Amino acid sequence: MKFETSRVLYTAAAVLALIGVVLRAVPSPVSTESVPQIVVADLAPSAAVAESGADPTAFLAVVNANIFSQDRQPPAERYIPPELREEVEPTAAPASSGPRLPRLFGVVVGPADTVALIDADPSIPGAEVYRPGELVGDSRLVSVSDTAVVLEGPAGRRVLTLPSSSRRTP
C-alpha cells in the first residue's frame, strides 16, 4: 500500500510539472488593448518650490547620502515643507525659572547596543542619541532600561521615564 501511494504522488508531481512547463511555454492570450496607459508625472520642480527660491536639486544630496553613516551630523535647521511655512510662526521660548531638565523620548535595547533618545541640549532642536557612559548635559548616563534611563550628576541621581502611551494594548 505504501509503495502504491508514493507511486501515485510521484505520478501526480510529474503531471503537474509537465502542465507547468506547457503553461510557461505557451503565450498568454491576455489582451492589453483595454489597459489604460500609465502617465509618469514630470519630475520638474513644483510651482511652490520654484516660488520659494529653494534649490530644486537639493534633494539629491539626501538621496545620494548614506543616512546610516556614523559620521552623519544633524541638520542645523529642521525641514518645514513649503506649503506649511506660512502657517508656522516662530514663537518665543517660554521663560524658565531654572535649568531645563532633559526629556526622554525613547530607548532602543538591542543585543549588541543600548541607546536612549534624550532632548538635553537646548542649542540642538529635537532629541539626541546617547549611550551608557556618555554625558547628557552635566550628568552621565548610567543605565538604560526598556522604559527609563538613570542619570548621575551634580544634582544627584535622576531617573527619566518614558511618558505613558495613550495607545491601548490588545
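Relevant structure appears above.
What you are looking at is a predicted structure, and each value in this text was computed from that prediction instead of being measured.

Draft legend 1. The nonpolar core, seen in detail. Membership of the largest hydrophobic core is limited to 11 residues, which are Leu-104, Ala-116, Ile-118, Ala-120, Tyr-130, Val-136, Leu-141, Val-144, Val-149, Leu-151 and Leu-160. For this core, the elements supplying multiple residues, two or more each, are strand S2 (114–119), strand S5 (139–144) and strand S6 (148–153). Excluding residues that lie within four positions of it along the chain, Leu-160 makes contacts with Pro-102, Leu-104, Ile-118, Thr-147, Ala-148, Val-149 and Leu-151.

Draft legend 2. Up close: the environment of Tyr-130. When you line up the elements, Tyr-130 lands in strand S3 (residues 128–130). Between the C-alpha atoms of Tyr-130 and Thr-114, which are 16 residues apart in sequence, the distance is 8.8 Å. Not counting chain neighbours up to four residues away, the residues in contact with Tyr-130 comprise Thr-114, Val-115, Ala-116, Ile-118, Ala-120, Leu-135, Val-136 and Leu-141. Engagement of the side chain of Tyr-130 in a polar contact is seen with the side chain of Glu-128, the distance being 3.0 Å.

Draft legend 3. Up close: the sheet that holds S2. The strand order across the open sheet formed by 3 strands is S1-S2-S3, and the pairing between neighbours is antiparallel. Two strands lie at the open edges of the sheet, namely strand S1 (103–109) and S3, each paired on one side alone. Sheet twist, expressed as the average angle between the axes of neighbouring strands with direction ignored, equals 25°. In this structure, S1 lies alongside S2, joined through 6 bridges in antiparallel fashion.

Criteria and cut-off values
- Residues numbered from 1 in each chain as written.
- Predicted model: local features only at pLDDT ≥ 70, side-chain atom pairs only at ≥ 80, totals over all residues.
- Heavy atoms only, no water.
- Core = buried A, V, L, I, M, F, W, Y, C linked by side-chain atoms within 4.5 Å.
- Buried < 20%, exposed > 50% of the residue type's maximum accessible area, 1.4 Å probe, protein only.
- Helix = DSSP H or I, 4+ residues; strand = E, 2+ residues; numbered from the N terminus.
- Contact = heavy atoms within 4.5 Å.
- Polar contact = N/O pair within 3.5 Å; in protein donor to acceptor, adjacent residues only side chain to side chain.
- Pairing = 2+ DSSP bridges.
- Axes fitted to C-alpha atoms, helices over the stretch in contact; angles between N-to-C directions.

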